[in-house]
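Fold and geometry: a report
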Number of protein chains: 2
Amino acid sequence: MPGLPPTFKSLFRSASNPPATVELLCGWIKSVRLLKNLAFIDLQDGTTPHPLKLVVRRSEESSDVLKQLRTGQSLKVKNAVWKATPTRVQPFELETNASPDCLQVMGQVPTSYPLQKKHHSLAFLRSNPTLKHRSNYLGSLLRFRSCVESSLMQFFDSQDFTKVSPPILTSGDCEGAGELFRAEANAHIARKTSYFGRPTYLTVSTQLHLEVLTMALNRVWTLTPCFRAEESDTNRHLAEFWMLEAELCYVENVQELTKFAELMLRHVVKSCVDQKLNLLPSIFPQESADSPESVVARWESLLKSEWPRITYTTAIELLKKQHTVSQFSFEPQWGKDLQSEHEKWLAAHYNSPVFITDYPRDCKAFYMKQNRDAADTVACFDLIVPQMGEIIGGSIRENNYDILIQEMHRRGMKSEDLDWYTSLRLNGSAPHGGFGLGLERFVSWLFGAQNIRDSIPFHRSAGGTIIM
Amino acid sequence: MPGLPPTFKSLFRSASNPPATVELLCGWIKSVRLLKNLAFIDLQDGTTPHPLKLVVRRSEESSDVLKQLRTGQSLKVKNAVWKATPTRVQPFELETNASPDCLQVMGQVPTSYPLQKKHHSLAFLRSNPTLKHRSNYLGSLLRFRSCVESSLMQFFDSQDFTKVSPPILTSGDCEGAGELFRAEANAHIARKTSYFGRPTYLTVSTQLHLEVLTMALNRVWTLTPCFRAEESDTNRHLAEFWMLEAELCYVENVQELTKFAELMLRHVVKSCVDQKLNLLPSIFPQESADSPESVVARWESLLKSEWPRITYTTAIELLKKQHTVSQFSFEPQWGKDLQSEHEKWLAAHYNSPVFITDYPRDCKAFYMKQNRDAADTVACFDLIVPQMGEIIGGSIRENNYDILIQEMHRRGMKSEDLDWYTSLRLNGSAPHGGFGLGLERFVSWLFGAQNIRDSIPFHRSAGGTIIM
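Everything numeric in this text was worked out from a predicted model, so none of it was measured.

**Quick look at the domain arrangement of chain A**
Residues and elements named next belong to chain A. Along its sequence, chain A is organised into domain 1 (8-117) and domain 2 (125-454). Between the C-alpha centres of domain 1 and domain 2 there is a distance of 44 Å. Listed per partner, the contact involves 11 residues of domain 1 and 12 residues of domain 2. When the two sides are added together, the surface that domain 1 and domain 2 hide from each other amounts to roughly 980 Å², 53% of it contributed by carbon and sulfur. If you sort the residues of domain 1 by the area they bury against domain 2, Pro49, His50 and Leu115 come out on top, with a joint share of 47%.

**Some points on the pattern of salt bridges**
Residues and elements named next belong to chain B. Within the structure shown, the criterion is met by 52 salt bridges over all chains. Between Glu95 and Arg57 there is a salt bridge; the shortest N-O distance is 2.6 Å. With Glu95 in strand β5 (residues 92-97) and Arg57 in strand β3 (residues 52-57), this residue pair connects regions lying 38 residues apart in the sequence. Here Lys83 ties to Glu95 by a salt bridge, and the two come within 3.5 Å at their closest N and O atoms.

**Digging into the sheet that holds strand β11 (residues 219-227) of chain B**
Residue and element names in this part refer to chain B. The strand order across the open sheet formed by 8 strands is β7-β11-β12-β17-β16-β15-β14-β13, and the pairing between neighbours is mixed. Every interior strand has two partners, whereas the edge strands, β7 (162-163) and β13 (309-311), have only one. As paired strands, β13 and strand β14 (residues 354-357) are joined by 3 bridges and run parallel to one another. Following the sheet pairing, Ile310 is matched in β14 by Ile356. The strands touched by helix α10 (residues 312-325) are β13 and β14; relative to β13, the strand with the most contacts, the crossing angle is about 85 degrees.

**Comments concerning the interface of chain B and chain A**
Contact residues are listed per partner, giving 115 residues for chain B and 115 residues for chain A. When the area that chain B buries against chain A is broken down by residue, the three leading residues are Tyr195(B), Tyr250(B) and Ile466(B), summing to 8%. Here Arg13(B) ties to Asp160(A) by a salt bridge, and the two come within 3.0 Å at their closest N and O atoms. If you look at where chain B meets chain A, you find 48 residue pairs in polar contact (both at pLDDT 80 or more). Tallying contributions element by element places helix α4 (residues 136-158) of chain B first for the side of chain B that touches chain A, with 9 residues. For the side of chain B that touches chain A, the per-class residue count stands at 57 nonpolar, 34 polar and 24 charged. As paired strands, strand β9 (residues 181-185) of chain A and strand β9 (residues 181-185) of chain B are joined by 5 bridges and run antiparallel to one another. Counterpart to Arg182(A) in the pairing with β9(B) is Glu184(B).

**Observations regarding the side chain of Asp382(B)**
Residues and elements named next belong to chain B. Structurally, Asp382 can be placed in strand β15 (residues 380-385). Judged by relative accessible area, Asp382 falls into the buried class, the value being 4%. For Asp382, the side chain forms a polar contact with the side chain of Lys364, separated by 3.1 Å. Apart from residues lying up to four places away in sequence, Asp382 is in contact with Glu343, Val354, Phe355, Ile356, Tyr359, Lys364, Glu390, Ile392 and Gly393.

**Describing the environment of Leu277(B)**
All names here are of chain B. Structurally, Leu277 can be placed in helix α8 (residues 276-279). We classify Leu277 as exposed; its relative accessible area is 65%. Between the alpha carbons of Leu277 and Thr422 there is a distance of 49 Å; along the sequence they are 145 residues apart. Sequence-distant contacts of Leu277, defined by excluding residues within four places in its chain, comprise Pro49 and His50.

**Here's the deal with the packing of aromatic side chains**
Applying the stated criterion across every chain yields a total of 56 aromatic pairs over all chains. Measuring from centroid to centroid gives 6.2 Å for Phe156(A) and Phe260(A), while their planes differ by 55 degrees, and the two rings are tilted. Of the two residues, Phe156(A) is situated in helix α4 (residues 136-158) and Phe260(A) in helix α7 (residues 254-274); the sequence distance between them amounts to 104 residues. Here the two residues Phe156(A) and Phe260(A) agree in accessibility, since each one is buried. Considering the side-chain rings of Phe156(B) and Trp221(B), the 4.6 Å spacing of their centres and the 15 degrees angle between planes classify their relative orientation as stacked. Here the residue Phe156(B) occupies a position in helix α4, and Trp221(B) occupies one in strand β11, the gap between them amounting to 65 residues.

So, how was this worked out
- Residues numbered from 1 in each chain as written.
- Chains lettered and ligands numbered in written order.
- Predicted model: local features only at pLDDT ≥ 70, side-chain atom pairs only at ≥ 80, totals over all residues.
- Heavy atoms only, no water.
- Domains from an automatic or database assignment.
- Contact = heavy atoms within 4.5 Å.
- Buried area = accessible area lost by both parts, 1.4 Å probe.
- Salt bridge = Lys/Arg side-chain N within 4 Å of Asp/Glu carboxyl O.
- Helix = DSSP H or I, 4+ residues; strand = E, 2+ residues; numbered from the N terminus.
- Pairing = 2+ DSSP bridges.
- Axes fitted to C-alpha atoms, helices over the stretch in contact; angles between N-to-C directions.
- Polar contact = N/O pair within 3.5 Å; in protein donor to acceptor, adjacent residues only side chain to side chain.
- Nonpolar A, V, L, I, M, F, W, Y, C, P; charged D, E, K, R; others polar.
- Buried < 20%, exposed > 50% of the residue type's maximum accessible area, 1.4 Å probe, protein only.
- Phe/Tyr/Trp six-rings, centres within 6.5 Å; stacked < 30°, edge-to-face > 60°.

Structure representation (structure tokens):
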């Protein structure tokens, strides 16, 4: 880009065809080591997990410059000479002089600057919400999330999907789940009126609107913030989270849908493997159960074989058998939803993501297609993964107008409120289905992060503050 | 994809290396024409603006099938034979039989189905919010938006940016603009408590949070819904809109920023030109001032020469001169913000997007860098474009802690509320800047759509309803 210094990522890229000198280079000091004739400075610039090593030649008159350097400062470096170092981890180093012409501090730090050279605990980093992303681990996690988003975009482009933006402000509660945020214009609250003339909520899922669009565009997807005023304060729940939702026409059974979801996830995992050197820092925090090596090993193992598929009924049988060996807190029972402990056990049992299909109708939402051959189940799936539990839920949608209306009435729903939605079944409808993937859960699971709050830059959750 | 019929887009792609037969094909009927021995069916499937022509051979016993076909139905077609038609616009047609084995209606339409073969007015389409996206023009507009998003992702990836997700729920009002939506958990409204323990708003701009992230990751961007409880009910305002915001380190003057913004927009326009055949329908609605040809001509002209840059002061001089020739409603005057009529005149005058830089300090936000050489102006820019007016606003950010605090006090702001933000200037700060692009305005302008409400699937705006 004209006028801007090269990113460190681009310097690493150019290692096979290096420039003789790098005229301008900017970054933050990660560490400084002063020797008699030389100084070594590790710089980071946030575009790669790997620090850039700078060698500075000292001289009598220039020592003052070096003595002022401290971790956290932002530094401008001019006219650095490129030296190949083929035998080392970093295949080059940059050399410059300790003159004010070559080294210039752009941004100072106070002596109390909290991020020092050492590795910090996650608990400590979380207590510094404006600085924590400068740590190599949390910075890498954000770059990783970005790579996942980009890979998803490529995938859906390659499959002729249209990316759409359904509304965040809606009049209804898609899932009937209850825990809604209400939105109102500030000026109207004072006047006790309503901006849209009626109560307005933040979306909990864009699915119903996506179904409108899939009936026009065939294959649609979105990546949208969703909101649930959860009261559960766990490491798997956020009040504001990003959800990928996809909806596609001409799928008629749930297995086609699981195949498509697996194809999508494998595409992303493949991108992660391809870019692993740009994605993973060399050291993970001590509290992390994972290491960079085990993360890569997990990615590679995900690509090896097809992921198992079992029905809910089979899952309950397995869980019941296990319950006799070692009791769960909740007894597995056909007709009841799977608990998080059940999901985690199943995924651990298979040591793989597992698709669980065909749940009882009463465990799932009104719009799921009722299986004609198995009483009281619906053509749906959840994808559960080790450690995390559910990351995707999806289904074929009930396409028969009469059955859909009947089901809404059976559940005591006012079908008139959703006339716009049910009318789709009367106007050139097509068999269709889709799913929702919680982005932060997915990113956390792939990266091995224990707390999904680290997978979004500023988390909003029950019991959380909102000082910014 | 296994099990799913090919999209029409993929069939058009395969025209140079066609299959002998297409086993399965699904779409919606756009028109049916019955001749004595043949029937012609135009199908659409929402993945391309171009209909797919199906030729059906009639026979005595199979006429019943054909007589039931109507515009809007969704249709399954089996075993269609591929016939090259090298001399026609569509380089192939698909042929099948009128047997129930080959043609099957998947979704009926009522006789009142409103979308018929003829071209509908935009006003009519807008009155059918669940069906309007099936029209070739509005469907194309959504596909176009998707292509723009994908192109932006490619661009930012190529420039080593990290895509981030700043929060939607915030405690503050970034711009001081006032027109905020407040959000509260439904259960807490009843209890008169607050989910986050304090008033919470929907973001009007993610910039301040982006500045936190740019200080960690160097180059960041986001595409996020933003909310403004506008009372203006115009064709350029939405209460819920998507904003692209980018923030980058090591830009020190506003010209570097305008160069970067131009680079980004040219990348998108280049993608549009490359994919024009997939993006534009052959006919635009009559009310549209544009035609497909003029849209492509505009894209091509945008790529020809660098876009002009003028200062606000120069802009005022030009406007004053024009004001003596033909009066504006608002008199142009140094120190006052440019009106929409002024912006539109300037862009028309240059017949090009125009960067206007260095506005008076009091016209712009507190965080913009004050020009040291020109009293009372700030290092900012707006990009204005013909017909639409402003689509981007950006600036270098004031990086000097003392000047920033002084400016906040001068404006009567409580700087303590933004301690988290201003502290960035004390902790390894770096020169930086960024901008926000209103996605719907940008998409509308490129596509020649007069009303930005058509560039988002379900618009939320002043005076609008929210029945879904």
